[in-house]
Number of protein chains: 2
Amino acid sequence: MIKARIYVTLKPGVLDPQGDAVRKSAHVLGYRQVEDIRIGKFIELNWEGDDPAAALEHIAKLSDQLLANPVIEDYRVELVEGA
Amino acid sequence: MIKARIYVTLKPGVLDPQGDAVRKSAHVLGYRQVEDIRIGKFIELNWEGDDPAAALEHIAKLSDQLLANPVIEDYRVELVEGA
């Protein structure tokens, strides 16, 4: 089994209303040092198989089709070593 | 300015209906090798200041209060080197 982590982030320039709301809440709580905050997804995936190259290719395709919205989001796939 | 990354994940044992739905959709798309998938948050935060120890302490508190739900979620704070 292969373990992968996928990081999905909004592309630079895309507005992040959720992040803005959290920044404002942080300021209300007294954390004025929070300048900017952007919220993405952190996905942990277990893949049946033992070919890392094939897994990486398929997981990238899956990310494009299902996990991220390629119009507004970037993603990065990372295989976990020693898993 | 200090850059931090916060990874928020569901605690082990906490059900992840969103992850289950994505796993089923992956299977429908033909990615039968997806065994398990868990979806968390990946937060990028810019912190005004230049004391990494203080930033880490405050961001951990902020995570407890605002970014994660400590009852069902774990979080990990990472300061980005060289930022």
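Residues numbered from 1 in each chain as written. Chains lettered and ligands numbered in written order. Predicted model: local features only at pLDDT ≥ 70, side-chain atom pairs only at ≥ 80, totals over all residues. Heavy atoms only, no water.

(A) Seen up close, the packing of aromatic side chains. Throughout the structure, instances matching the rule amount to five aromatic pairs over all chains. Look at A:Tyr7 and B:Tyr7: their rings are 6.0 Å apart centre to centre, the planes differ by 70°, and that puts the pair in the edge-to-face class. Here B:Tyr7 lies in strand β1 (residues 2-10) and A:Tyr7 lies in strand β1 (residues 2-10), a pairing that spans two chains. For the pair shown, A:Tyr7 and B:Tyr7 are each scored as buried. (Phe/Tyr/Trp six-rings, centres within 6.5 Å; stacked < 30°, edge-to-face > 60°. Helix = DSSP H or I, 4+ residues; strand = E, 2+ residues; numbered from the N terminus. Buried < 20%, exposed > 50% of the residue type's maximum accessible area, 1.4 Å probe, protein only.)

(B) Structural view of the relation of the copies chain B and chain A. Aligned on chain A, chain B shows an RMSD of 0.0 Å; the corresponding rotation is 180° and the shift along the axis is 0.0 Å. Put plainly, the chains are arranged around a two-fold axis. No C-alpha of chain B lies nearer the rotation axis than that of B:Lys41, which sits 2.2 Å from it. (Least-squares fit on C-alpha atoms with pLDDT ≥ 70 in both.)

(C) Highlighting the interface of chain B and chain A. Taken residue by residue, the interface counts 31 residues in chain B and 31 residues in chain A. A combined buried area of about 3000 Å² lies between chain B and chain A, and 64% of that area is made up of carbon and sulfur atoms. Among the residues chain B hides against chain A, the three largest losses belong to B:Tyr31, B:Gln33 and B:Phe42. Together they make up 21% of the total. Applying the counting criterion to the chain B and chain A interface returns zero salt bridges. Summed over the shared surface of chain B and chain A, the number is 12 residue pairs in polar contact (both at pLDDT 80 or more). Only β1, α1 (17-28), β2 (34-47) and α2 (52-67) of chain B provide two or more residues apiece to the side of chain B that touches chain A. It is β2(B) that provides the largest number of residues to the side of chain B that touches chain A, a total of 14 residues. Looking at the side of chain B that touches chain A, its residues break down into 16 nonpolar, seven polar and eight charged. Pairing between strand β2 (residues 34-47) of chain A and β2(B): 13 bridges, direction antiparallel. Note on β2(B): the bridge partner recorded for A:Leu45 is B:Ile37. (Contact = heavy atoms within 4.5 Å. Buried area = accessible area lost by both parts, 1.4 Å probe. Salt bridge = Lys/Arg side-chain N within 4 Å of Asp/Glu carboxyl O. Polar contact = N/O pair within 3.5 Å; in protein donor to acceptor, adjacent residues only side chain to side chain. Nonpolar A, V, L, I, M, F, W, Y, C, P; charged D, E, K, R; others polar. Pairing = 2+ DSSP bridges.)

(D) Region of the structure containing the confidence of the model for chain A. Residues and elements named next belong to chain A. With 98% of its residues at a pLDDT of 70 or more, chain A shows a mean pLDDT of 95. No element of chain A has a lower mean pLDDT than helix α2 (residues 52-67), at 96, and none a higher one than helix α1 (residues 17-28), at 98. With pTM at 0.93, the complex prediction returns an ipTM value of 0.91. (pLDDT = per-residue confidence, 0-100.)

(E) Representation of the packing of α1(A) against α2(B). Following both chains from N to C, one finds α1(A) and α2(B) inclined at 115°, their axes separated by 11 Å at the closest point. One way to sum up the angle between α1(A) and α2(B) is to call them roughly perpendicular. Of the two elements, α1(A) crosses α2(B), and the hand of that crossing is right-handed. The residues of α2(B) that touch α1(A), namely those facing A:Val22, A:Ser25 and A:Ala26, are B:Leu62, B:Leu66 and B:Leu67. Classifying every residue of the contact of α1(A) with α2(B) gives five nonpolar, one polar and no charged. (Axes fitted to C-alpha atoms, helices over the stretch in contact; angles between N-to-C directions. Parallel < 35°, antiparallel > 145°, perpendicular 65-115°, else oblique. Left-handed = near helix turned anticlockwise from the far one by under 90°.)

(F) Geometry of the side chain of B:Thr9. Take B:Thr9: it is sitting in strand β1. Exposure remark for B:Thr9: the relative accessible area of 17% places this residue in the buried category. Non-local contacts of B:Thr9, meaning those with residues more than four positions away in its chain, are made with A:Phe42, A:Glu44, B:Ile72, B:Glu73 and B:Asp74.

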